[in-house]
Amino acid sequence: MTRSRRARIGRLAVRRLLFGVPLVLVVSLAAFALASASPFDPLDAYLGGSGDGYTEAEREVLRHTLGLDQSWISAWWHWISGAVTGDFGYSRAYHEPVAQVLAERLGWTALLGFAGSVVAVVLACALGITAGLRAGGFADKVISAIAVVLQAVPPFIVALGAVLLFAVTLRLFPTSGLTDPGEPITAASAARHLVLPALVLGVSQVPWLALGLREAITGAMGSDAVRGAHARGLPTRVVHSGHVLPMASAPFFALIGGRLPELLVGATVVETVFAWPGLGDATVDSARALDFPLLAIVTVLTVGLVVAGNLAADAAAIAVDPRIEADG
Amino acid sequence: MLFHRRPSRLLVTSLVTFSAAALVGCGAPGASGGAPDRFVVIDAEELGRFNPLTGHGGNGESKIYESLYRVAEGQDDRIPDAVPVLAEGAPEPVDGDLGHWRVKTRKGVTFSDGTPFGPEDVAATYNAVVDPKFASPIAANFDFLRTAQVAGPDTVDFLLNGAYGDVPHRLFLAIAPSESLAAPGPADKLPLGDHPVGTGPYALTELRPDQVVLTARDGYWGTKPQVKTFVVRRTDDEKARAAQLAGSADGTRLSPALARAVAKDGYRTVVSKANDWLGVTLPSGNPVAGDAAVRLALNLGVDRGAMVRDILQGEGTPVSTLVTPLFGDAYDPAQDFTFDADRARKVLDDAGWRVGADGIRQRDGRRAQFDVAYYPTETLRRDLTMATVSDAKKIGVEMKPVAVEKSTMTPQYLAGTAFLLGGGGQPYTVDTQLYPKFHSRYAAKGVGSKWDNASDYVNPEVDKALEAARVERDPAKRAKLYRDFQAAYHAAPGMLALVSENHVYVLRDNGWQFGATALEPHSHGVAWGPWYSLARWTRK
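Note that the structure is predicted; figures quoted are calculated from it, not measured.

Draft legend 1. Representation of the overall build of chain B in the model. When you go through chain B residue by residue, the secondary structure sums to 12 helices and 24 strands. Relative to a compact globule of 540 residues, whose C-alpha radius of gyration would be 24 Å, chain B shows 26 Å and is just as compact. Overall, the C-alpha framework of chain B stretches about 80 × 80 × 45 Å when taken along its three principal axes. Sequence-distant contacts in chain B: of pairs separated by 6 or more residues, those separated by 24 or more amount to 71%. Put simply, chain B shows about 20400 Å² of open surface, and 52% of that area lies on carbon and sulfur atoms.

Printed below as a string of structure tokens:
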């Protein structure tokens, strides 16, 4: 890669990060505002099944004692001023400091997300290239059909189906958790327990990526440059590897970057089915319990993922395709 | 770079990668049934809420904590006895005063951190639960209690807010060490939640986001349990729980139909009777729902038996007055409503509700029509609402189902709108079931919670029976007073009680022998069912 291209990626990164700070502020503010407009009452979440016994007056006292009576804007200010000093607040949904919830769960979600994306990208490359280079052929038809069907099946069903087939029937993999029940966490057992959720998470992203890559490749195949290369008599293999794939990879990277946050959404479902102790579950729980501090940090992390995903995609595009100007 | 290879080679490479990954995973999956003294269950609740002040172990079901009394198992055909655990014998009223009770505490008991247990721990725990500074979510269950105090060595006194006859059944709170409650603050921030210290047969040895491990405790004052390790995992979704059961767990709770589908090949179901009822409020503030004839006709016109059979899959009982056979001599079967649509129609005819052209009745220009609100997210409530709506239509009453969120349920809304209500959180006294639900004291605005007497029902005969029963110590006389209540209620019902559901558990049949289950309140989970008596399980 040339020095100027590297410099361009650097400038791009700095610009995006500068843009990310106000974005985080706005998004977190919006998260607090939207959450406060939701029909859920954080006091009901706190009281759980025993909330029925209180008078309205007693509920007000409880609200005050628990600090649930402040407006969403002051709750946000409280949260953001604490977060700047490294204090992320206390999670009502988990009865733990938010920092502890993150420490216990973020790593597992990251591991699952990373493994899932590797699965997704590898499979999507294999299938998308196979289908794209022989568009209209038998393999293309089969792959496209499978992708469309898979895309239409909810990830939840895919996950349960995978459990039934691979865990319950074939007994290849464990059904849930980080380890076998009661056992300590080791690298080997975590890896064994990771396989199935990572496969399901990855596979659930494959249709978009594979179909996107197929489109990009067929597009590139029809371009003037490729037709020109064929006309110059270059061997097919060289045309494919030297022209078609680099041209198709830029939109593919953009697609991957754009789909990254989907991994978090998909992780929510996959984590639930496989009892994988990550942040996906925590996202739903914190939203239902109006657990502002946890909800805010999860939202901010998601924003971070979106920004980072797009940045990585654009940087990769600049790196592989000299014609791209990126942010310009 | 990936893209400089030939596509076919890429495909092969990725397939090889996957086969390798599959081989790594090829070890034996967790055969939890293999460890003979370990039992693994999947709960639907969040793991690690071990704080008595947030409701953990509130009926003696905790494995870590113990209470003065717990619910006896094997007595699910009536209100179970209160079995002394940390108490020696039954509580006694001091000088016959039903507002002042004395309990002797057990000697020679230590907490899992080695500190001795005594009456000061009992007093500290009960006082914390009613202290607003702790903001305990279960404080409302203890509104009868003014304060608890140490009254001598191994003696604790309970001073109540008035005379109260049925005291042992209100003393099920799990007891924490007084030291852990020294600094008042919101209950959910107490260290006890993650670092429980109790006198019970198990101690927490691991708390992870995905599993909790409880281990039988050395130094426990009672018999050491034979199940040495109790592992609890968590999965919210019941279909996922059913799938995981076959792989790595020994038991969980499922809905009746799913439980029956899963209970084969070495698994079986255990059904626990529960007092977990559902019914429709008929508020006095609504001119149709609050009409005496409409209330009576609906009670006669709904087919509760069909609801139990079709909606609960047989796992439940019809409920007419909130008093059920569980309440023993206090229950009068003659006061239950039997399904009689013809009589229902006659009641409405006699009251002047005439059938209109569209089959819906009218009186003085008013249609026999009102809304019934329900939570659409809870399938059981939804199904019962629809069944009620359908039955009501057959006798000429149009109930319009309205799906609502919890926040819609303001006291004002409930005062005019019928609602599918659930209850039974504190099922272990007849008084807690009936008094707040039917006494006219709770019909007044701002008294009690919005769910108390949500129909704003006023019936002086009902009031009289409930008040007299609350302070009556003679069980036979008290039972008679509750039968009087039922007769008065039957003549002029205040709501439309429907059914009570049982709880269904599935577990692996792996050689453990356990006794009967305990009668369960609304709360359920892996602390209940066959696991209520976990510490007393034996090997076949």
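Now that the structure has been shown, the text picks up again.
Draft legend 2. Structural detail: the pairing of strand β13 (residues 277-281) of chain B. All names here are of chain B. Counting buried positions along β13 gives 5 out of 5 residues, so the element sits mostly inside the fold. Sheet analysis places β13 next to strand β20 (residues 418-423), joined by 4 bridges and oriented antiparallel. Considered in β20, the bridge of Val280 is made with Leu420. Relative to strand β21 (residues 495-501), β13 is paired through 5 bridges, and the arrangement is antiparallel. For Leu278, the partnering residue across the bridge sits in β21 and is Val499.

Draft legend 3. How the structure looks around the UniProt feature "transmembrane region" (unreviewed entry) in chain A. Residue and element names in this part refer to chain A. When the UniProt feature table is mapped onto this chain numbering, "transmembrane region" (unreviewed entry) sits at residues 106-130, 142-170 and 292-313. Helix makes up 100% of residues 106-130 and strand 0%, with an end-to-end C-alpha separation of 36 Å. Here residues 142-170 runs as 90% helix and 0% strand, with 26 Å between its end C-alpha atoms.

Draft legend 4. Spotlight on the interface of chain A and chain B. Contacts between the two partners involve 67 residues from chain A, matched on the other side by 68 residues from chain B. Summed over the shared surface of chain A and chain B, the result is 4 salt bridges. Across the pair A:Arg105 and B:Glu46 runs a salt bridge whose closest N-O atoms are separated by 3.6 Å. Counting every contact that joins chain A to chain B gives 13 residue pairs in polar contact (both at pLDDT 80 or more). Sorting elements by how many residues they give to the side of chain A that touches chain B places helix α5 (residues 98-133) of chain A first, with 11 residues.

Draft legend 5. Examining the packing of aromatic side chains more closely. Evaluation of the coordinates by the stated rule reveals 25 aromatic pairs over all chains. The structure contains a cluster of three or more aromatic residues connected by ring pairs, namely B:Phe39, B:Tyr505, B:Trp512, B:Phe514, B:Trp531 and B:Trp537. The lysine or arginine in question, B:Lys189, covers the ring of A:Tyr90, its NZ or CZ lying 4.8 Å from the ring centre.

Draft legend 6. The nonpolar core, seen in detail. Within the largest apolar cluster, 150 residues are counted, with the highest numbers of intra-cluster contacts made by B:Leu68, B:Tyr126, B:Phe158, B:Leu298, B:Phe370, B:Phe438 and B:Trp531. Taken domain by domain, this core gets at least three of its residues from each of domain 1 (41-273 + 502-539) and domain 2 (277-501) of chain B.

Cut-offs and rules
- Residues numbered from 1 in each chain as written.
- Chains lettered and ligands numbered in written order.
- Predicted model: local features only at pLDDT ≥ 70, side-chain atom pairs only at ≥ 80, totals over all residues.
- Heavy atoms only, no water.
- Helix = DSSP H or I, 4+ residues; strand = E, 2+ residues; numbered from the N terminus.
- Rg over C-alpha atoms; globule rule 2.2 N^0.38 Å.
- Contact = heavy atoms within 4.5 Å.
- Areas by Shrake-Rupley, 256 points an atom, 1.4 Å probe, with all protein chains shown as cover.
- Buried < 20%, exposed > 50% of the residue type's maximum accessible area, 1.4 Å probe, protein only.
- Pairing = 2+ DSSP bridges.
- UniProt positions renumbered as here; feature names shortened; annotations may be inferred.
- Salt bridge = Lys/Arg side-chain N within 4 Å of Asp/Glu carboxyl O.
- Polar contact = N/O pair within 3.5 Å; in protein donor to acceptor, adjacent residues only side chain to side chain.
- Phe/Tyr/Trp six-rings, centres within 6.5 Å; stacked < 30°, edge-to-face > 60°.
- Lys NZ or Arg CZ within 6 Å of the ring centre and 35° of its normal.
- Core = buried A, V, L, I, M, F, W, Y, C linked by side-chain atoms within 4.5 Å.
- Domains from an automatic or database assignment.

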